[in-house]
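Listed here are the chains, written in short residue letters.
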Amino acid sequence: MNRETGGAQGSPNPTGKGPPCAPLTPPPASSTSSNGGKQSSSKLAYSGSYCLDTAMSLPPFDAFSAFNALPGNYLVLLPDAPTFTIVGVSDAYLQATYTRRESILGKGVFVAMTDDVTNPFANGVANLSASLHRVVDQKRPHRMDTQRYDVFHPDLNLFVPKYWESLNHPVLTEDGQLRYIIHSVVDVTQQVLLEEENQRTRQHLTESEDRFRRTLQQAPVAMALLQGPQFIIALANERMLEYWDRSSLKVIGQPLFEAMPEARNQGFESLLTGVYATGQRRVVSERSVRLERHGQLEQTYLDFVLEPFREPNGVVSGITVVCVEVTDQVRARQKIQESEAYSRQLTDTLPAMLWTTEPDGNCNYLNRQWYDYTGQHPAQAQGFGWLAAVHPDDQSLAEKRFLEANQDRVAFALHFRLRRSDGRYRWVIDRGSPRFDAQGQYLGMIGTVIDVHEQKLAEQQLRDSEQRSQRILSISTVGVVYFEEKGNIRDANEAFVRMSGYNKEIFVDGHLTWDYLTPPEFQDVTLHAQAEYRAKGENTPYEKQLIRPDGSRWWGLFAGKRLSPEDNVEFVLDITPSKQAEQALKAADRRKDEFLAMLAHELRNPLANIRLGMDILHSTDKADPVAGQTLGLIRGQVDQLVRLVDDLLDVSRISRGKIQLRPERVELGALVAGALAAMRPQYQAQGKGLHFTPWPTPLWLKGDAIRLSQVVTNLLSNGLRYTREQGQVWVSLEQQNGPSVGPATGRQEAVLRIRDNGIGLSADQLTEIFELFVQVDTSLARQQGGLGIGLTLVQQLVEMHGGRVEAQSRGLGQGSAFLVFLPLLATADHVTPPEQGVALSQPTGQRILVIDDNTGFALMLKQALQRRGFEVYTRSNGREGIEAAEALAPRAILCDIGMPELDGYQTARLLREQSWGQSLMLIAISGYGGAEGKRRAHEAGFDAHLTKPVDLTALLELLASLPAGT
């Protein structure tokens, strides 16, 4: 405010004493005089400030009286840091802090309002000081975070816990000088305490609910979850399905009364609707239920619980049903009991009530929260009148525990039921502590009463959940193990005790770990499962062995889940019998494979001699047509035996998944033409016709040329075998759109059709013909023989190429057709044409060494190669062969694999270790075929691998690559 002398606004009062002017109210309209801007004596200009000790023409305004009467909690502080002298205080602030105006005015705020020195964590003074200094430095308001600042209660002679929300606001003069700081606070103690208690209760309920959900499926009683007002069956465990006598496919996802219409009109509609609508749990004992089971309506009795299923927001979204059939018990005594339901209505607040007593135990103070909560008035509650609000069943215990603690002068905590103002009893916790004066004189007790009704109900739910867990532990067929994250086992049910062979006490004591029970070779499996626990909270079911106390081992199937950071559960099934059966099957399968491999080896050795002998005879006498025809027939039969051996081994390999395709770009037309050329002599020898209709454009596909040729050859052999004299076989190729469904959808496919006028197939044979060892049951089939594996191989090899096979026939005696469908490549761009065959060069006396313990085969092979101009030497074992190789320096060595002492692999490695053996051509010739034999031959140093009986043409092609000379 400007003084009449024209001084600056906001100047000190005229006396020069007392506090500066305080900004209080907005200024009225100002007027200026005509004498140079000075104000007249009759009119004053208000500039937003009002000076309490300045003479004014207006009626005096008692600003501080108005300030004192403000409804909020306010202090007016001088900015005289670090003292911050109190120059004004509202009545509401005095009441909230139990202080008197004359005791704090003129004092520094931290002298008047101190921290509780007995509380080492008290930081109210420090935080308030920091905020006030910030206002002084920045001259801007500062709102403090919710702050605990305990206040000393003179009547109680102690600090009362208080929580405040505070705002420190600067009061500035017009020239920007800081004159005052208004410190305003709001007492939020009850809200803070209430929120803390609510948070603890919610956390407890959430943990209990989660544990219940995790154990629902493993419960030993019948359980189901019904969702929505239509009571859709969302979940039903095995025991419930057994009781209903229905499969999960028939009930899951169906409304309850549609899945079980006979349950209508038995009172369940109202029961379920009541639980769903009110959210109240229902427990029913020995309820009569008429249920259709085993094809007829049965009278049964149940004990069951209907529990409202709540979403996280508290809304009821379904009902959990837990039941036990007690039909036998009820029929024995015919007594029906109904369980009582109780209400769990929540209230809006959880008030905290403060009380104190005299040394003799009489209550001398109860704060307003007690009276608001119980509806008592002071005359009723003083002394021991507060006991009248305690439940009659709890009064004697509450009084006894309180008097004992008061007499012993010790702290206590007690739960009891307290009647609320609406007449309802709710669980509360009463905590009290003794209080003493500075001289140690006992003054009585002080304590608080807090409503914990929901927490008590949650504890009951937790106990129920723990009881359910104990029932799970009683399952006799499934082991249940509780353990810590580090692997220490804390508990196990009787089933796991029986499986493991250990006493239950050793598990409960925590002396055993998973590492101790697990053999070393299964430690990695255990570590992987533990990593899954940490990453996902559960592990994928896995198998491993555990060790019993006597050293024996047993197989288990393990699957578990993490219940909490330090609480895990593992479910275990003893699968020892099934593992033993599995191992026996594997051993039998291995012996079968070994037998087939040995059988093939033993068959190929004599076949090799026969084929080489025929080759020698054929080259010896070409003039005799009878001999030539006879040798041709024998050669055809040998080839048939070789194919049978190869087919038998291929079926075994495919069934074990050991055949691997070597895919490449293949032109199907050329491949089929080549197979036809190879088979045509056999057709001609039997006087049968073989006709081919190619497709006019190339049919490119991705496949294994050798295996696809095998498919075509087997089908052509089938046509040759099952057509009569002068039978005809027609082969054609086509291109068409692929199937409308499946992996080849939208793609073009090639169709190989092989049709004959042979014995035909019946309707039931069209699919059976592709099964292993199935033969067409006609006299002609029996005459032609065969093992019944050729078509099985055709189907399996075609399916490995992404194709399919179909058999067609109008019936017996009307011929048959086999259709092979193979997916074509999307484009034939940049297709490399097949290489032309290289003409074999004539040998010029190259020196060859044959090493084979079968002297007859070695002799036959020697004669066959000598007739083609090679210089050939033979040896019967690996050591003699190595010595001969060093002495003779051959260009190539043909070496058997299965030899005594040094086998073919060892012999090849020793040859390659020699300096003169680096450039040798080493060719393995063995009765053991297959990918594994070829892989081992390559690793041993062989350049090529041929299977007995040796295809002499293929051998000559390899030898043709030798350089000229000996």
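Residues numbered from 1 in each chain as written. Predicted model: local features only at pLDDT ≥ 70, side-chain atom pairs only at ≥ 80, totals over all residues. Heavy atoms only, no water.

Per an unreviewed UniProt entry, the chain carries the name histidine kinase and comes from Larkinella insperata. Turning to the chain, the UniProt record has this under Catalytic activity (unreviewed entry): "ATP + protein L-histidine = ADP + protein N-phospho-L-histidine." (UniProt positions renumbered as here; feature names shortened; annotations may be inferred.)

**Student:** Which residues make up the overall build of the chain, and what values go with them?
**Tutor:** In terms of regular secondary structure, the chain is built from 31 helices and 35 strands. Put simply, the chain has 966 residues, and 44% of those count as buried. At a minimum sequence separation of 6, the contacts of the chain that also span at least 24 residues come to 57%. (Helix = DSSP H or I, 4+ residues; strand = E, 2+ residues; numbered from the N terminus. Buried < 20%, exposed > 50% of the residue type's maximum accessible area, 1.4 Å probe, protein only. Contact = heavy atoms within 4.5 Å.)

**Student:** Before we move on, can you summarise the sheet that holds strand β19 (residues 479-483) with the specific residues and values?
**Tutor:** What the five strands build is an open sheet, ordered β20-β19-β23-β22-β21; its pairing is antiparallel. The open sheet has two edge strands with one neighbour each: β20 (489-492) and β21 (542-547). Averaged over all pairs of adjacent strands, the angle between their axes in this sheet comes to 35°, without regard to strand direction. (Pairing = 2+ DSSP bridges. Axes fitted to C-alpha atoms, helices over the stretch in contact; angles between N-to-C directions.)

**Student:** Could you give me a rundown of the nonpolar core, with the residues and numbers involved?
**Tutor:** Counting 36 residues, the largest nonpolar core has L668, V672, L715, L716, V731 and L752 as the members making the most contacts within it. Going through the elements one at a time, α22 (668-685), α23 (705-721), β27 (728-737), β28 (748-756), α26 (790-800), β29 (804-808) and β30 (816-823) are the ones with two or more residues in this core. Among the elements that line this core, the one with the most residues is α22, at seven residues. When residues no more than four places from it in sequence are discounted, the contact partners of L715 are I754, L791, V794, F818 and V820. A236, A263, L272 and I319 belong to the second-largest nonpolar core, a separate cluster that totals 29 residues. (Core = buried A, V, L, I, M, F, W, Y, C linked by side-chain atoms within 4.5 Å.)

**Student:** Mind laying out the pattern of salt bridges, listing which residues take part and the relevant values?
**Tutor:** Using the criterion set out here, one finds 28 salt bridges in the structure. Between E307 and R281 there is a salt bridge, with the nearest N and O atoms lying 2.3 Å from each other. Of the two residues, E307 sits in strand β12 (residues 296-310) while R281 sits in the loop between α10 (268-278) and β11 (282-293), which places them 26 residues apart along the sequence. Via salt bridges that share partners, R293, E298 and E325 belong to a single interconnected network. (Salt bridge = Lys/Arg side-chain N within 4 Å of Asp/Glu carboxyl O.)

**Student:** Please provide a residue-by-residue account of the sheet that holds strand β33 (residues 892-895), values included.
**Tutor:** What the five strands build is an open sheet, ordered β32-β31-β33-β34-β35; its pairing is parallel. Edge positions in the sheet fall to β32 (871-875) and β35 (944-947), since each has one partner strand and no second. Neighbour-to-neighbour, the strand axes of this sheet turn through a mean angle of 20°, independent of strand direction.

**Student:** Describe the pairing of strand β22 (residues 553-564), with residues and values.
**Tutor:** As paired strands, β21 and β22 are joined by six bridges and run antiparallel to one another. Of the residues in β22, the one forming a bridge with K544 is G556. Hairpin connection from β21 to β22: five residues lie between these consecutive antiparallel strands, with G551 at a positive phi of about 90°. Looking at chain direction, β22 and strand β23 (residues 567-574) are connected through eight bridges and run antiparallel. Counterpart to A559 in the pairing with β23 is F571. Taken together, β22 and the strand that follows it, β23, pair antiparallel across an intervening segment of two residues.

**Student:** Tell me about unusual backbone geometry, and name the residues and values.
**Tutor:** It is generally the case that most residues other than glycine have a negative phi and that most peptide bonds are trans. Across the junction of A81 and P82, the peptide omega takes the value 5°, indicating a cis bond. The peptide bond linking K948 to P949 adopts the cis configuration, its omega dihedral lying at -5°. Its place among the elements puts P949 in the loop between β35 and α31 (952-959). For R409, which is not glycine, the phi torsion reads 55° and is therefore positive. Here A889, not a glycine, exhibits a phi torsion of approximately 50°, which is positive.

**Student:** Kindly report on the side chain of N73, identifying the contributing residues and their values.
**Tutor:** On the secondary structure map, N73 appears in strand β1 (residues 73-77). One polar contact links the side chain of N73 to the main-chain amide nitrogen of Y93, over a distance of 3.4 Å. Not counting chain neighbours up to four residues away, the residues in contact with N73 comprise S90, A92, Y93, A96, W164, H183, S184, V185, V186 and D187. (Polar contact = N/O pair within 3.5 Å; in protein donor to acceptor, adjacent residues only side chain to side chain.)

**Student:** Could you give an account of the packing of α23 against α26, naming the residues involved and the relevant values?
**Tutor:** Between α23 and α26, the least distance of the axes is 9 Å, while the angle of their chain directions is 145°. Considering only the axes of α23 and α26, their crossing is left-handed. Note on element contacts: α26 touches α23 through G790, L791, L793, V794, L797 and V798, opposite R707, Q710, V711, N714, L715 and N718. In terms of residue class, the contact of α23 with α26 is made up of seven nonpolar, four polar and one charged. (Left-handed = near helix turned anticlockwise from the far one by under 90°. Nonpolar A, V, L, I, M, F, W, Y, C, P; charged D, E, K, R; others polar.)

**Student:** So what's going on with the environment of W370? Which residues, and what values?
**Tutor:** Looking at the element boundaries, W370 is found in helix α12 (residues 368-374). Separated by 80 residues in sequence, W370 and I450 place their C-alpha atoms 10.0 Å apart. Leaving out residues up to four positions away in the same chain, W370 has contacts with M353, G375, Q376, A381, W386, L418 and V449.

**Student:** Tell me what's going on with the packing of aromatic side chains, and back it up with residues and numbers.
**Tutor:** The full count for this structure, using the stated rule, is 21 aromatic pairs. Residues W355 and F402 carry aromatic rings whose centres are separated by 6.0 Å and whose planes lie at 80° to one another, so their mutual orientation is edge-to-face. Remark: F402 occurs in helix α14 (residues 392-408) and W355 occurs in strand β14 (residues 352-357); sequence separation between them is 47 residues. Note on accessibility: W355 and F402 belong to one class, buried. Centre to centre, the rings of F483 and W514 are 5.7 Å apart; their planes meet at 85°, and the pair counts as edge-to-face. Of this pair, F483 sits in strand β19 while W514 sits in helix α18 (residues 514-517); the two residues are 31 residues apart in sequence, bridging distant segments of the chain. What makes F483 buried here is its relative accessible area of 3%. Clustering of aromatic rings is evident, with ring pairs tying together F483, F496, Y502, F507, W514, Y533, Y542, W554 and F558. Over the ring of W427 we find K456; its NZ or CZ atom is 4.7 Å from the centre of that ring. (Phe/Tyr/Trp six-rings, centres within 6.5 Å; stacked < 30°, edge-to-face > 60°. Lys NZ or Arg CZ within 6 Å of the ring centre and 35° of its normal.)

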